[in-house]
Amino acid sequence: MTRVSSFGHQQMMLSSLLRNQEKVFDGQMTITTGKKEQQYSGFATQTNTLLGAKTVLTRTQSYINAGEYVDRQLRTNDVHLNALVSNAQDVRQAVLEAISMDETFALNEIMDQAFSSMVSALNTNIGGVYIFAGAKSDVPPVNARDITDLVAAASAQDLFQNDTRRAAAQVGQNTEMEYGLLASEVAGDIFAAFKNIADFNAGGGGPIDGKLTPAQRAFLEGELATLDSAIDTLQLFVARNGTRQANLEDILVEHKDEEAFLQIFISDIEDADLAEAITQLENNQVALQASYEITAQLSRLSLLNFL
């Protein structure tokens, strides 16, 4: 005997249709987002593991961002420190040549040009920040333009306006790296050496131009040691900055390796297999279509069909 659909039967088929609709919707969301679940509750026992891994990943990425910023600053330091060394060596070479030839026609010009270039390097401003000024980053660290300002100052240190706070950043959980340099500590010695020569040149023993007097020759010979010591100080800062760059490079490699591992670890938990998800969606769509057809047929059945 053929049965006629009852109301209860229709409700059961309608519930099945709604479940199939939900499965299709979930499948579409999985393909759209690429995630197995849209809420953490869907991961059940893996929720805490997933949240913990994402927390560590976020922290690691913040260290990478900080490290890359510090790396840019260290590279900038390297450029300007080497410029300071180069200018200082130009003056030393000019003094050495003057002594060897017992005369000079360019020492004053070379010193003036070298000093102005050094001031320009130390007053480097990037994005409104003077990088050699410490915490007083809105004030030029060197209050001078040319060699005449150095001569006019009572002391070379009087030209410096930076404070004593060096910039640093957290580049690891227990690693803070100092990257800031102060104009006074970097250039204090070389400015003092330059001032000795400039003051002598502007004083009774000068000008140092043309044939050297015995007093000028003796003075320049004595200043060579002062220049060498000041250049050694500059090169020490170059070496220290380079060591920090090398250490930071190692730290960044470790962080990026950890970032790659965590991204794979998180992906294994929450990312869907798209090929599998597409296949499942197609199956769910077939089931949904079947539900539509059966429900439609049941809705058209009545006793009149059998009378």
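An account of the accompanying structure is given in this report. (Residues numbered from 1 in each chain as written. Predicted model: local features only at pLDDT ≥ 70, side-chain atom pairs only at ≥ 80, totals over all residues. Heavy atoms only, no water.)

## A few points about the overall build of the protein
Phase 1: When helices and strands are tallied, the protein shows 7 helices and 6 strands.
Phase 2: Put simply, the protein runs from its N terminus to its C terminus through helices and strands in the order α-α-β-α-β-β-α-β-β-α-β-α-α.
Phase 3: Relative to its 307 residues, the protein shows a buried fraction of 38%.
Phase 4: When the accessible surface of the protein is totalled, it reaches about 17100 Å², and 52% of it is carbon and sulfur. (Helix = DSSP H or I, 4+ residues; strand = E, 2+ residues; numbered from the N terminus. Buried < 20%, exposed > 50% of the residue type's maximum accessible area, 1.4 Å probe, protein only. Areas by Shrake-Rupley, 256 points an atom, 1.4 Å probe, with all protein chains shown as cover.)

## Observations concerning the packing of aromatic side chains
Phase 1: Inspection of every chain in the model, using the stated rule, returns 5 aromatic pairs.
Phase 2: Each ring, one from F200 and one from F219, has its centre 4.0 Å from the other, and the planes form 5°; the classification is stacked. Pair noted here: F200 is in helix α5 (residues 183-202) and F219 is in helix α6 (residues 214-270), with a separation of 19 residues, a long-range link.
Phase 3: Joined through ring pairs, the aromatic side chains of F115, F160 and F191 make up one cluster. (Phe/Tyr/Trp six-rings, centres within 6.5 Å; stacked < 30°, edge-to-face > 60°.)

## Points about the side chain of T233
Phase 1: Tracing the sequence through the fold places T233 in helix α6.
Phase 2: Given a relative accessible area of 18%, T233 falls into the buried group.
Phase 3: Excluding residues within four positions of it along the chain, T233 makes contact with E185 and D189. (Contact = heavy atoms within 4.5 Å.)

## Quick notes on the side chain of T60
Phase 1: Mapping T60 onto the fold places it in helix α2 (residues 47-101).
Phase 2: Of the residues examined, T60 reaches a relative accessible area of 3% and is grouped as buried.
Phase 3: A polar contact is formed between the side chain of T60 and the side chain of E258, at a distance of 3.5 Å. (Polar contact = N/O pair within 3.5 Å; in protein donor to acceptor, adjacent residues only side chain to side chain.)

## Comments concerning the packing of α2 against α5
Phase 1: Closest axis-to-axis distance for the α2/α5 pair is 12 Å, and the angle between their directions is 25°. One way to sum up the angle between α2 and α5 is to call them roughly parallel. Taken as a pair, α2 and α5 cross one another with a handedness that is left-handed. Taken together, the residues of α5 that come into contact with α2 (itself represented by L81, L84, A88, V91 and V95) are V186, I190, F194 and I197.
Phase 2: Across the contact of α2 with α5, the residue classes tally to 9 nonpolar, no polar and no charged. (Axes fitted to C-alpha atoms, helices over the stretch in contact; angles between N-to-C directions. Parallel < 35°, antiparallel > 145°, perpendicular 65-115°, else oblique. Left-handed = near helix turned anticlockwise from the far one by under 90°. Nonpolar A, V, L, I, M, F, W, Y, C, P; charged D, E, K, R; others polar.)

## Regarding α2
Because an α-helix completes one turn every 3.6 residues, residues spaced three or four positions apart along the sequence face the same direction.
Phase 1: Compared with the 81 Å implied by 1.5 Å per residue over 55 residues, the 80 Å span of α2 between its first and last C-alpha is a close match.
Phase 2: Where α2 ends, the next residue or the one after it, D102, has phi of about 65°, a positive value. (Expected span 1.5 Å × (residues − 1).)

## Focus on a negative patch on the surface
Phase 1: Together, E249, D250, E254 and D257 make up a region of like negative charge exposed at the surface.
Phase 2: Within the secondary structure, E254 is located in helix α6. (Patch = residues over 30% accessible without salt bridge, like charges linked within 9 Å, V, L, I, M, F, W, Y side chains within 5 Å. Salt bridge = Lys/Arg side-chain N within 4 Å of Asp/Glu carboxyl O. Lys, Arg positive; Asp, Glu negative; His and termini not counted. Charge placed at Lys NZ, Arg CZ, Asp CG, Glu CD.)

## Concerning unusual backbone geometry
Phase 1: Omega for the bond connecting G206 with P207 falls within 30 degrees of zero, at -5°, which places this linkage in the cis form.
Phase 2: As for its position among the elements, P207 is in the loop between α5 and β6 (210-211).
Phase 3: Phi at D102 takes a positive value of approximately 65°, unusual for a residue other than glycine.
Phase 4: Checked against the element boundaries, D102 lands in the loop between α2 and β1 (103-104).
Phase 5: Here D102 falls in the partly exposed class, since its relative accessible area comes to 23%.

## Points about the pairing of strand β4 (residues 168-172)
Phase 1: Both β4 and strand β5 (residues 175-178) contribute to a ladder of 4 bridges, which runs antiparallel. Note that in β5 the partner of A169 across the bridge is M177. (Pairing = 2+ DSSP bridges.)

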